[in-house]
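Per-entry structural report
Below, each chain spelled out in residue letters.
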Amino acid sequence: MREEAEAVLRTDPVMAELIDDHDPYSEPDWSEYERLSISIINQQLSTASAAAVRERVFEVLDGEVTPETVLAADEAELREAGLSRMKVEYVRNAARAFEREDFSREGLAGVPEEEVVTRLTEIKGIGEWTARMYLLFVLEREDVLPLGDLAVRRGIEQLYGDGEELTRGEMREIAEGWRPYRSVATRYIWAEYESEG
């Protein structure tokens, strides 16, 4: 899939350059629940702050980030690690949802994207942005364009608009040429944006 995607994306000269410069697939192989927890931790935090909090939370859980360990963990320790009271509640809501329902790649294999978003956003603390990150990173759906993500929008503006503000409509138009691999393109835009930061 990746080779096919890159062949499509290389027709865009900006993307061709990003493909030569970055490897956006170097992320650890987190479980579905770990990835969702990381998205919750990342909400409204800078990349550096989020990474520091994630590291401390994972330490509290001895590297075992599962619905069971999160539900059993001491709330005060999670708070000390940097989670707000609300985020503790959110990762626990997600843990309970994972115990009730199959949110794994296999469990959601045939489920349309919008339905996945609906199911995930029914969990208190999971918004549209987090649900789209789940589609992109966990379920590895190929054609997700998460324009709700500030880094994606800023990245597109820097790469395609010389840093000038673009409307979401203009961004969608730019991304038309990336179909059906907008998720892959998004990973490259993030990689470039983070390397600039």
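Predicted model, so just to flag it, every value in this text is computed and none were measured.

1. Brief notes about the overall build of the chain
- Looking only at helices and strands, one finds 12 helices and zero strands in the chain.
- Beginning at the N terminus, the succession of helices and strands in the chain can be written as α-α-α-α-α-α-α-α-α-α-α-α.
- When the backbone C-alpha atoms are referred to their principal axes, the chain occupies close to 50 × 35 × 30 Å.
- Of all 197 residues assigned to the chain, the portion counted as buried reaches 48%.
- Expressed as a percentage of contacts within the chain between residues at least 6 apart in sequence, the contacts between residues at least 24 apart total 64%.
- Accessible area of the chain: about 10,300 Å², with a carbon and sulfur share of 45%.

2. Some words on the packing of aromatic side chains
- One pass over the structure, following the stated rule, counts five aromatic pairs.
- When the ring of Y160 is compared with that of W178, the centres are 5.9 Å apart and the planes differ by 55 degrees; the resulting orientation is tilted. Note that Y160 is positioned in helix 10 (residues 150-160) and W178 in the loop between helix 11 (168-176) and helix 12 (182-196), a separation of 18 residues in sequence.
- A relative accessible area of 1% means that W178 is categorised as buried.
- Each residue in the set Y33, F98, F103 and Y134 is aromatic and connected to the rest through ring pairs, giving one cluster.
- In this structure, R35 is placed above the aromatic ring of F137, and the distance from its NZ or CZ to the ring centre is 4.3 Å.

3. Side note on the UniProt feature "domain: HhH-GPD" (unreviewed entry) in the chain
- As annotated by UniProt and renumbered to match this structure, "domain: HhH-GPD" (unreviewed entry) occupies residues 41-194.
- With 63% helix and 0% strand, residues 41-194 has its two end C-alpha atoms placed 18 Å apart.

4. Here we look at the nonpolar core
- One finds L120, Y134 and W178 to be the most contacted residues of the largest nonpolar core, which totals 60 residues.
- In this structure L120 touches L36, F103, I126, A131 and Y134, once residues within four positions along its chain are discounted.

5. Describing the packing of helix 2 (residues 13-21) against helix 12
- Running from N to C, helix 2 and helix 12 point in directions that differ by 65 degrees, and their axes come no closer than 10 Å. As far as their axial angle goes, helix 12 and helix 2 are roughly perpendicular. Of the two elements, helix 2 crosses helix 12, and the hand of that crossing is left-handed. Where helix 2 abuts helix 12, its residues M15, L18 and I19 lie against A185, Y188, I189 and E192.
- When its residues are assigned to classes, the contact of helix 2 with helix 12 shows six nonpolar, no polar and one charged.

Criteria and cut-off values
- Residues numbered from 1 in each chain as written.
- Predicted model: local features only at pLDDT ≥ 70, side-chain atom pairs only at ≥ 80, totals over all residues.
- Heavy atoms only, no water.
- Helix = DSSP H or I, 4+ residues; strand = E, 2+ residues; numbered from the N terminus.
- Buried < 20%, exposed > 50% of the residue type's maximum accessible area, 1.4 Å probe, protein only.
- Contact = heavy atoms within 4.5 Å.
- Areas by Shrake-Rupley, 256 points an atom, 1.4 Å probe, with all protein chains shown as cover.
- Phe/Tyr/Trp six-rings, centres within 6.5 Å; stacked < 30°, edge-to-face > 60°.
- Lys NZ or Arg CZ within 6 Å of the ring centre and 35° of its normal.
- UniProt positions renumbered as here; feature names shortened; annotations may be inferred.
- Core = buried A, V, L, I, M, F, W, Y, C linked by side-chain atoms within 4.5 Å.
- Axes fitted to C-alpha atoms, helices over the stretch in contact; angles between N-to-C directions.
- Parallel < 35°, antiparallel > 145°, perpendicular 65-115°, else oblique.
- Left-handed = near helix turned anticlockwise from the far one by under 90°.
- Nonpolar A, V, L, I, M, F, W, Y, C, P; charged D, E, K, R; others polar.

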